[in-house]
Amino acid sequence: MKRRRMNQVPLFSSAGELANMLVTSNLIEAAWAKIPELQRGQSALPSSVQTMVDHPTPKCTIVVFAPSPDSTQDALSQGGDLVPYPKFDFLCTKGCPSVSINRAALTLFTPLYDHLSGLKDELNKREGQLIITGQSLGGSIASLFTLFLLSSMDKESKCRPICITFGSPLIGNFGFQHSHWNSFFLHLVSDKDPLSTLFLPSGRSAPTSSHSQATAYKPFGTYLLCSELGCACFDDPDLILKFLTVASSEVAGGLQVVVDYGEILRNLKYRAICKGPRLVGERLTDPFSAGIVMELKTIGIDPAKHNIDIGTMEKDASDLTWKTNKATEAKKLNDRKINMVWLERYKKKAEDGKKDYYDCFRNERLKMDVKIQWQMADLTTYWEDMVAEAERKPQKEGASFRTGWLQAGTTYRRMVEPLDIAVFYKDGGRDYINSKRSQHYKLLEQWYEEAAKPPTREELDSKKQKVSVLLTEDSCFWAHVEEAILSCKSLTNANSTPELRESSWNNLVKFGEYVMEQIENYAVSPEIFLKDSCFMTWWGEYKVYIASPSNPCSLRFIQFIDFMKTGRYGVYGRSEVP
């Protein structure tokens with residue numbers, strides 16, 4: 001037998017143990033107890049969905065949804081196809097630009113939307129534990145409401161919901177799986193429940209239901225799957241679909257069968273407390289594989305009979321364990337600070353030598369250059385992955401994610417992109433911004449600009465006092481400088497056409513105006529004015545040219561020319577007003 005590293009794969013599969021822990025806790029039992037209570041007092045109106053908000057303790061709130069039998073049948077008669085619902089577009093991602101929801105669930109949820117909006121606002125003000133629950137289509141409403149509620153919560157919210165459903169059918173397509181809110185959902189499903197197996201290719205159709213899009217349904221959240229032999233927890237969508245497919249082919253009775261999950265919970269709790277030996281049925285030398293087989297048989301799936309690849313499941317568990325054992329995102333970001341320290345040291349050494357950071361790297365003036373390239377590579381790999389992950393997240397989650405890491409990402413962009421620009425122009429490149437700039441830099445800048453607010457007078461004064469230690473805000477500043485140098489060369493080149501000269505002159509005027517705007521906003525570091533910087537080299541050439549009689553255009557007076565000619569740049573960053 002192959003030996004495994006300590007943190008590679010767990011010795012035993014834990015799906016059964018997690019399930020036993022859940023059924024012996026009071027959480028699921030408390031959620032279920034309120035459902036029959038609401039159903040017993042249900043209105044006889046044919047199209048009604050009853051909602052109950054209960055406070056068993058001051059720090060616990062339970063929200064229950066229970067459609068009447070008539071409204072359930074009416075909703076199911078609308079069909080089982082998936083339809084778009086714009087109010088849930090916050091779940092959309094770049095990879096899954098549309099989210100579709102089961103028509104039957106929407107038939108019940110949509111009329112409640114205004115009422116639930118008020119309930120959402122009320123719950124957002126509460127503190128403590130919040131359980132949202134329902135059975136069958138009541139569970140579908142509970143799931144949709146939980147997503148609706150989560151979309152409005154911020155990180156500081158003191159009330160985080162958990163949605164627990166009983167025998168709820170699948171409600172949506174692939175788009176639901178990309179949400180990091182999946183961890184807020186627990187679905188209890190019995191292999192004897194016909195409603196939970198609706199909307200599958202081999203499942204039982206509701207009256208007049210269409211399965212034209214049935215294959216698009218995907219489970220989301222954690223499923224506690226139950227059979228007469230016991231229970232196990234899984235979050236693998238394909239395995240859950242396999243369980244539901246097997247159950248749909250073996251369940252007896254019609255859609256009118258109502259499963260008593262209270263009785264199931266009592267039996268599972270008894271089994272968990274008084275558990276006996278669990279037999280695999282065949283000899284397996286690998287205890288982890290044996291554990292997987294036991295858990296599958298516990299929920300009524302025979303791996304051999306139903307064509308389950310144990311090796312693939314073991315690999316998936318290995319991958320999951322590897323991901324779990326990786327450092328948290330916060331720790332990984334903290335580790336990147338080591339790379340940033342190298343860049344800061346490099347910048348400090350350049351300043352000590354009276355050189356600007358950009359030109360020092362461009363001209364390879366320090367022995368640290370090779371090590372700095374290594375740090376740049378590590379940082380770029382990390383931030384490319386982070387930006388790609390933010391892009392994949394649903395809209396609201398992605399926005400929250402971006403806000404949390406934006407300051408670090410902005411500092412990275414302002415420190416590293418100038419060095420990428422230096423390499424690009426040293427190698428003879430032209431037009432970096434349009435031809436070479438990486439997408440992750442563009443997105444980091446876009447998100448920064450979307451979050452930024454115009455500075456107040458107080459903030460501007462504060463920047464003025466600290467400008468000597470600030471980074472140049474526009475990480476493409478040096479690309480603009482390099483393009484200005486190239487424009488100067490075009491002006492002085494005897495072979496340049498009149499059209500190229502005019503275009504180059506106009507570009508230089510725009511560049512001067514751009515630089516002046518940066519200066520007025522204290523958005524550039526004083527290091528750009530160091531004697532040997534690319535910027536001052538450019539100014540030396542530009543200054544001579546605008547004083548030359550061969551100037552093809554009349555001199556346009558702009559603030560920038562006055563600022564530079566009068567030497568006011570010499571006191572920039574020393575509290576004097578430019």
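On a predicted model such as this, the values are computed, not experimentally measured, just so you know.

1. Points about the overall build of the protein
- Each helix and strand counted, the protein has 21 helices and nine strands in total.
- In the protein, 74% of the contacts between residues at least 6 apart in sequence involve partners at least 24 apart.
- By element, 53% of the accessible surface of the protein is carried by carbon and sulfur atoms, the whole surface being about 28,400 Å².

2. A closer look at the environment of leucine 265
- Positionally, leucine 265 belongs in helix 8 (residues 261–273).
- The exposure class of leucine 265 is buried, given its relative accessible area of 7%.
- For the pair formed by leucine 265 and threonine 24, sequence separation is 241 residues and the distance between their alpha carbons is 8.6 Å.

3. Structural notes on the pattern of salt bridges
- Counting across every chain of the model gives 14 salt bridges.
- A salt bridge links lysine 347 to glutamate 527, with the shortest nitrogen-to-oxygen separation between them at 3.9 Å. With lysine 347 in helix 11 (residues 329–352) and glutamate 527 in the loop between helix 19 (498–520) and helix 20 (534–546), this residue pair connects regions lying 180 residues apart in the sequence.
- Between lysine 348 and aspartate 352 there is a salt bridge whose closest N-O contact spans 2.9 Å. With lysine 348 and aspartate 352 both in helix 11 and four residues apart, the pair spans about one turn of that helix.

4. A short note on the packing of aromatic side chains
- The full count for this structure, using the stated rule, is 38 aromatic pairs.
- For the ring pair tryptophan 383 and tyrosine 412, a centre distance of 5.7 Å and an interplane angle of 20° mean the geometry is stacked. Of this pair, tryptophan 383 sits in helix 13 (residues 369–392) while tyrosine 412 sits in helix 14 (residues 395–426), placing them 29 residues apart in sequence.
- The class for tryptophan 383 is buried, based on a relative accessible area of 4%.
- Among the residues examined, tyrosine 412 registers a relative accessible area of 0% and is labelled buried.
- An angle of 35° between the planes, with centres 6.2 Å apart, marks the rings of phenylalanine 511 and tyrosine 514 as tilted. Of this pair, phenylalanine 511 and tyrosine 514 both sit in helix 19, three residues apart, which is roughly one turn of that helix.
- What makes tyrosine 514 buried here is its relative accessible area of 15%.
- The ring of tyrosine 113 is capped by lysine 87, whose NZ or CZ atom sits 4.8 Å from the centre of that ring.
- Positioned above the aromatic ring of tyrosine 448, the side-chain terminus of arginine 414 is 5.0 Å from the ring centre.

5. Remarks on the packing of helix 13 against helix 16 (residues 439–451)
- Look at helix 13 against helix 16: their axes get within 10 Å of each other, and the N-to-C directions meet at 60°. For the element pair helix 13 / helix 16, the angle class is oblique. Along this stretch, helix 13 crosses helix 16, giving a crossing that reads as left-handed. Contacts between helix 13 and helix 16 involve Thr380, Trp383, Glu384, Val387, Ala390 and Glu391 on the former and, on the latter, His440, Tyr441, Leu443, Leu444 and Trp447.
- Of the residues in the contact of helix 13 with helix 16, the class split is seven nonpolar, two polar and two charged.

6. A word on the environment of leucine 188
- On the secondary structure map, leucine 188 appears in strand 7 (residues 185–190).
- We classify leucine 188 as buried; its relative accessible area is 2%.
- Between the alpha carbons of leucine 188 and leucine 225 there is a distance of 6.1 Å; along the sequence they are 37 residues apart.
- In this view, leucine 188 contacts Ile28, Thr165, Phe166, Gly167, Leu224, Cys226, Tyr261 and Leu265; residues no more than four positions away in its chain are not counted.

7. Re the packing of helix 5 (residues 113–124) against helix 6 (residues 137–150)
- Helix 6 packs onto helix 5 with a crossing angle of 55° between their chain directions and a minimal axis gap of 10 Å. Taken together, helix 5 and helix 6 sit at an angle that is classed as oblique. Helix-helix and strand crossings are classified by hand; for helix 5 and helix 6 the assignment is right-handed. Residue-level contacts link Tyr113, Leu116, Ser117, Leu119, Lys120, Leu123 and Asn124 of helix 5 to Phe145, Phe148 and Leu149 of helix 6.
- When its residues are assigned to classes, the contact of helix 5 with helix 6 shows seven nonpolar, two polar and one charged.

8. Focus: the sheet that holds strand 6 (residues 161–166)
- Read across the open sheet, the seven strands follow the order 1-2-5-6-7-8-9; overall the sheet is mixed. Strand pairing shows two members of the sheet lacking a second neighbour, strand 1 (49–57) and strand 9 (230–234), which therefore form its edges. Pairwise comparison of adjacent strand axes, ignoring direction, gives a mean angle of 15° for this sheet.

9. Points about the pairing of strand 9
- The element strand 9 is largely enclosed, with a buried count of five among its five residues.
- By the alternation rule, side chains of strand 9 split into Gly230, Ala232 and Phe234 and Cys231 and Cys233, which are all buried.
- Count of turn residues in the strand 8 (residues 222–227)/strand 9 antiparallel hairpin: two residues.

10. Re the nonpolar core
- Ranked by internal contacts, the top residues of the largest apolar core, which has 69 residues, are Leu343, Phe535 and Trp538.
- A per-element tally of this core places helix 14 first, with ten residues.
- Leave out the neighbours within four places in its chain, and leucine 343 touches Tyr357, Ile372, Met376, Leu379, Met415, Val416 and Leu419.
- Among the nonpolar cores identified, the runner-up in size contains 60 residues, and Leu112, Leu119, Phe148 and Phe234 belong to it.

Cut-offs applied
- Residues numbered from 1 in each chain as written.
- Predicted model: local features only at pLDDT ≥ 70, side-chain atom pairs only at ≥ 80, totals over all residues.
- Heavy atoms only, no water.
- Helix = DSSP H or I, 4+ residues; strand = E, 2+ residues; numbered from the N terminus.
- Contact = heavy atoms within 4.5 Å.
- Areas by Shrake-Rupley, 256 points an atom, 1.4 Å probe, with all protein chains shown as cover.
- Buried < 20%, exposed > 50% of the residue type's maximum accessible area, 1.4 Å probe, protein only.
- Salt bridge = Lys/Arg side-chain N within 4 Å of Asp/Glu carboxyl O.
- Phe/Tyr/Trp six-rings, centres within 6.5 Å; stacked < 30°, edge-to-face > 60°.
- Lys NZ or Arg CZ within 6 Å of the ring centre and 35° of its normal.
- Axes fitted to C-alpha atoms, helices over the stretch in contact; angles between N-to-C directions.
- Parallel < 35°, antiparallel > 145°, perpendicular 65-115°, else oblique.
- Left-handed = near helix turned anticlockwise from the far one by under 90°.
- Nonpolar A, V, L, I, M, F, W, Y, C, P; charged D, E, K, R; others polar.
- Pairing = 2+ DSSP bridges.
- Core = buried A, V, L, I, M, F, W, Y, C linked by side-chain atoms within 4.5 Å.

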